[in-house]
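For reference, the chains in residue letters:
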Amino acid sequence: MGYVRGLKCRECGREYPVDPIYVCEFCFGPLEVVYDYKGIKKVLTKRAIEKREMNLWRYRELLPIDGDPQVGLKSGYTPLLRADNLAKALGVNELYIKDDTVAHPTLSFKDRVVAIALTKAKEFGFDTVACASTGNLAHSVSAHGARSGFKRFIFIPATLEASKIVASLVYEPNLIAVDGNYDDVNRLCSEIANKYRWAFVNINIRPFYAEGSKTHGFEIIEQLGWNAPDNVVVPCASGSLLTKVWKSFKEFRELGIIKELNTKVFAAQATGCSPITTAIKQGTDVIRPVKPNTIAKSLAIGNPADGYYAIQVVNETGGTGEDVSDQEIIDGIKLLARTEGVFSETAGGVTVAVTKKLIDSGKIARDATTVICVTGNGLKTQEALHGQTVSPHYIKPNIGSFEEVLDNIRRGGK
Amino acid sequence: MAVKVRIPTPLQKLTNGKEEVDAAPGTIINLLTDLDQKYPGIGERISESGKVRRFVNIYLNDEDIRFLKNEETEVKDGDEVSIVPAIAGG
């Protein structure tokens, strides 16, 4: 048996049983899973966790399932890279990359949340899973759903990058490409979710789904030798990941797994879609929705459902929000690849570029320990880099032609 | 003609299970008052002290009213209004 006691409205505190529901019937506040922390504290220790398999289910008592894990048994436990080259480039001492570019099976942190969502969908007895997606979630629901035998309906904005569409289609889901932006898709899906009895992972399964993001944070702490970092820079689309990373840190403190917690949480967005960081900079908790216009499509949510809570976390922890231009995002992707050999999608370019900006402006101290969350793989959004990378050296198939080029390269110091 | 209002599942108990109901034209806030007269209790679920609740999104003909004039947005006969709870992203 699991340790979930029920669901509770974050706004008005009304309690609900464990069902595929997601908003408070009274005030429309989001529902959140309530755990029996006393019970968990008795069984979940550092030693217990360390003995388990290297996947996200090693923290299963803090995940909202009742029975055994059923989906994503190899998901999670991605590397935390100590990024000394990047640290040097940015002028800080200790920098880490939480590298979800290699998440199993679809190379983004969405593999975490979907593992939990589909396990829960099985527990609820659904035969069809669905999602509204900017790409990464589509891939993960398509793939995890294929292996675990669900019918799948995937709704995406029709304007998504071609490579992101292929990366869903290969798993043969029912892919519905909607003529509209992500917020239009989301809105349509919430109406569809009302009508059909499907497990919409980010709608009626959302309270459970979103908890999966905590594993990104649990791993950061475990991989830092059971310590919380001084700073963590988290990309924001809906704001859910940021709030859950912070929740994971707080849960570990609550359980006594870490003793101290003084982490500042920083929100990172693209300037072309920055409703959360704009509100933080303006000192308000009222989100003004925007019409997204950025290459960081995986973060292009103009109407972020968890934005309000993300702002609270940033303020509560003494962090701040920052946003970066499309060019800075591209430069961030290239910097990370050049220094650390990690090719991130545009969202990772956002967090790297935002970190640079926060260091340059003194908001991240040079002697502090900082973790940058990199949440998806760059092979998915190669279009963003067309014309932006170095060029190949074209030669004839003879040694003379090669050595001519080699001389040029050596003169350039490479 | 009247204004068509699409009701989300959690509120359909108050509209006798109807997904779509009619309301009088006017500003959004007046429309909510009108709805509340027809379906008592629905008003306070959607708004509080004249403001739409934080986790409720209202759309006029597919446009978020926050891009228009918020609660003061004018709604005409034949328009379509959707009330949608905010949902998480992906």
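Preceding block: the structure.
Since we're looking at a predicted model, the values are computed, not measured.

A.B. asks: Just checking my understanding: could you explain the overall build of chain B for this structure?
C.D. replies: Broken down by element type, chain B carries 2 helices and 9 strands. Of the regular secondary structure in chain B, the N- to C-terminal order runs β-β-β-α-α-β-β-β-β-β-β. Against the compact-globule benchmark of 12 Å for 90 residues, chain B has a radius of gyration of 12 Å, which places it among compact chains. Taken across its 90 residues, chain B has 54% of its residues classed as buried. Sequence separation of at least 24 residues holds for 49% of the intrachain contacts in chain B that already meet a minimum separation of 6. As presented, chain B carries roughly 4,200 Å² of accessible surface, and 46% of it is formed by carbon and sulfur atoms. Looking at chain B, you have 12 positive and 16 negative side-chain charges, and the mean spots of the two groups are 4 Å apart.

A.B. asks: Any chance you could explain unusual backbone geometry here in plain terms?
C.D. replies: For residues that are not glycine, phi is negative in most cases, and the peptide bond is trans in most cases. Residue and element names in this part refer to chain A. Going from H104 to P105, the amide bond is cis rather than trans, its omega being 5°. Along the chain, P105 falls in the loop between β5 (94–99) and α4 (110–124). Positive phi is not limited to glycine here, since E172 has a value of about 55°. As for its placement among the helices and strands, E172 is situated in the loop between α6 (162–169) and β8 (174–178). When its relative accessible area of 66% is taken as the criterion, E172 is described as exposed.

A.B. asks: Would you explain the pattern of salt bridges in this entry?
C.D. replies: Two side chains bearing opposite charge may form a pair once their charged atoms approach each other closely. Residues and elements named next belong to chain A. For the structure on display, the rule yields 39 salt bridges over all chains. Its salt-bridge partner being R60, residue D68 comes within 3.3 Å of it at the nearest N-O pair. The partly exposed category is assigned to R60, whose relative accessible area is 30%. The partner of K356 in a salt bridge is D360, and the shortest N-O contact between them spans 3.2 Å. Separated by 4 residues within a single helix, K356 and D360 lie in helix α14 (residues 346–360), roughly one turn from each other. Here K356 falls in the partly exposed class, since its relative accessible area comes to 38%. In the salt-bridge network here, residues are joined through shared partners; they are R10, E32, E211, K214, K244, K247 and E251.

A.B. asks: Mind showing me how you'd approach the interface of chain B and chain A here?
C.D. replies: On the side of chain A, 37 residues touch chain B, which itself brings 28 residues to the contact. The interface formed by chain B and chain A holds 4 salt bridges in total. We note a salt bridge from K13(B) to E25(A), for which the minimum N-O separation is 2.9 Å. Sorting the residues of the side of chain B that touches chain A by element identifies α2 (42–46), β6 (56–60), β7 (63–64) and β9 (80–85) of chain B as the ones contributing at least two each. Of the residues assigned to the side of chain B that touches chain A, the class counts are 12 nonpolar, 6 polar and 10 charged.

A.B. asks: Could you clarify how one ought to interpret the sheet that holds strand β2 (residues 20–23) of chain B in this entry?
C.D. replies: Backbone-to-backbone hydrogen bonds join strands into a sheet, with any given pair of strands oriented parallel or antiparallel. One open sheet accounts for 5 strands, arranged β2-β1-β9-β6-β7 (chain B); its pairing is mixed. A strand with exactly one partner marks an edge of an open sheet, and here the two such strands are β2 and β7 of chain B. Pairing of β6(B) with β9(B), which is carried by 5 bridges, proceeds in the antiparallel orientation. By the bridge assignment for β9(B), V56(B) is matched with P85(B). Sheet contacts for helix α7 (residues 182–195) of chain A: β1 (3–6), β6 and β9 of chain B; angle to β9(B), the most-contacted strand, approximately 80°. Packing against the sheet, helix α1 (residues 28–38) of chain B makes contact with β1, β2, β6 and β9 of chain B, and its axis sits at approximately 110° to β2(B).

A.B. asks: Looking at this model, I keep getting lost on the packing of aromatic side chains. Mind explaining?
C.D. replies: Remark: the centre distance and the inter-plane angle together describe each pair of aromatic rings, the angle taken between the planes. Residues and elements named next belong to chain A. A complete count under the given rule lists 14 aromatic pairs over all chains for this structure. Here the aromatic cluster, defined as three or more aromatic residues joined through ring pairs, consists of F153, F155, Y196, W198 and F200. Sitting over the ring of F26, R14 keeps its end group 4.2 Å from the ring centre. Between the NZ or CZ atom of K122 and the centre of the ring of F150, over which it lies, the distance is 4.8 Å.

A.B. asks: How should I be thinking about the sheet that holds strand β3 (residues 31–35) of chain A in this particular structure?
C.D. replies: All names here are of chain A. Read from one edge to the other, the open sheet built from 3 strands follows the order β2-β1-β3, with strand pairing classed as antiparallel. One side of each edge strand has no neighbouring strand; the edge strands of this open sheet are β2 (15–16) and β3. Pairing geometry for strand β1 (residues 4–9) and β2, over 2 bridges, is antiparallel. Bridge pairing links L7 to Y16 in β2.

A.B. asks: It is not clear to me how a nonpolar patch on the surface should be interpreted in this structure. Could you clarify?
C.D. replies: A cluster of nonpolar residues, I395(A), I399(A) and F402(A), forms a patch on the protein surface that exposes about 290 Å² of accessible area. Residue position: I395(A) is located in the loop between β13 (369–374) and α15 (399–411).

A.B. asks: Which parts of the structure should I look at to understand helix α5 (residues 136–147) of chain A?
C.D. replies: Every α-helix winds through 3.6 residues per turn, so residues three or four apart in the chain are directed the same way. Residue and element names in this part refer to chain A. The terminal C-alpha atoms of α5 lie 17 Å apart, and with 12 residues this matches the ideal 16 Å at 1.5 Å per residue to within 8%. Among the 12 residues of α5, 10 are classified as buried, and the element is accordingly described as predominantly covered. Residues of α5 that are buried sit in contact with α4, β6 (128–132), β7 (151–157), α6 and α8 (206–209). Taken from the residues just after α5, G149 is the one with a positive phi, measuring 80°.

A.B. asks: Is there a simple way to think about the environment of T284(A) in this case?
C.D. replies: Residue and element names in this part refer to chain A. Relative to the elements of secondary structure, T284 occurs in the loop between α11 (275–282) and α12 (307–317). In this structure T284 comes out as partly exposed when scored by relative accessible area, which is 25%. C-alpha separation for the pair T284 and S190, spaced 94 residues apart in sequence, amounts to 28 Å. A polar contact of 2.9 Å, which involves the side chain of T284, links it to the backbone nitrogen of V286.

A.B. asks: Teacher, can you tell me more about the packing of α5(A) against α6(A) here?
C.D. replies: A packed helix pair is summarised by two numbers, namely the angle formed by the two axes and the spacing between the axes. All names here are of chain A. For the pair α5 and α6, interaxial distance at closest approach is 8 Å and the crossing angle is 15°. What the angle tells us is that α5 and α6 run roughly parallel. Handedness of the crossing formed by α5 with α6: left-handed. Taking contact as the criterion, the partners of N136, A138, H139 and S142 in α5 are, on α6, K164, A167 and S168. Tallied by class, the residues present in the contact of α5 with α6 amount to 2 nonpolar, 4 polar and 1 charged.

A.B. asks: Help me understand the environment of H393(A), please; the structure alone is not making it clear to me.
C.D. replies: All names here are of chain A. Its place among the elements puts H393 in the loop between β13 and α15. Judged by relative accessible area, which is 53%, H393 ranks as exposed. Spatially, the C-alpha atoms of H393 and R14 are 64 Å apart, while their sequence positions differ by 379 residues. Apart from residues no more than four positions distant in its own chain, H393 is found in contact with V405 and I409.

About the thresholds
Residues numbered from 1 in each chain as written. Chains lettered and ligands numbered in written order. Predicted model: local features only at pLDDT ≥ 70, side-chain atom pairs only at ≥ 80, totals over all residues. Heavy atoms only, no water. Helix = DSSP H or I, 4+ residues; strand = E, 2+ residues; numbered from the N terminus. Rg over C-alpha atoms; globule rule 2.2 N^0.38 Å. Buried < 20%, exposed > 50% of the residue type's maximum accessible area, 1.4 Å probe, protein only. Contact = heavy atoms within 4.5 Å. Areas by Shrake-Rupley, 256 points an atom, 1.4 Å probe, with all protein chains shown as cover. Lys, Arg positive; Asp, Glu negative; His and termini not counted. Charge placed at Lys NZ, Arg CZ, Asp CG, Glu CD. Salt bridge = Lys/Arg side-chain N within 4 Å of Asp/Glu carboxyl O. Nonpolar A, V, L, I, M, F, W, Y, C, P; charged D, E, K, R; others polar. Pairing = 2+ DSSP bridges. Axes fitted to C-alpha atoms, helices over the stretch in contact; angles between N-to-C directions. Phe/Tyr/Trp six-rings, centres within 6.5 Å; stacked < 30°, edge-to-face > 60°. Lys NZ or Arg CZ within 6 Å of the ring centre and 35° of its normal. Patch = residues over 30% accessible without salt bridge, like charges linked within 9 Å, V, L, I, M, F, W, Y side chains within 5 Å. Expected span 1.5 Å × (residues − 1). Polar contact = N/O pair within 3.5 Å; in protein donor to acceptor, adjacent residues only side chain to side chain. Parallel < 35°, antiparallel > 145°, perpendicular 65-115°, else oblique. Left-handed = near helix turned anticlockwise from the far one by under 90°.

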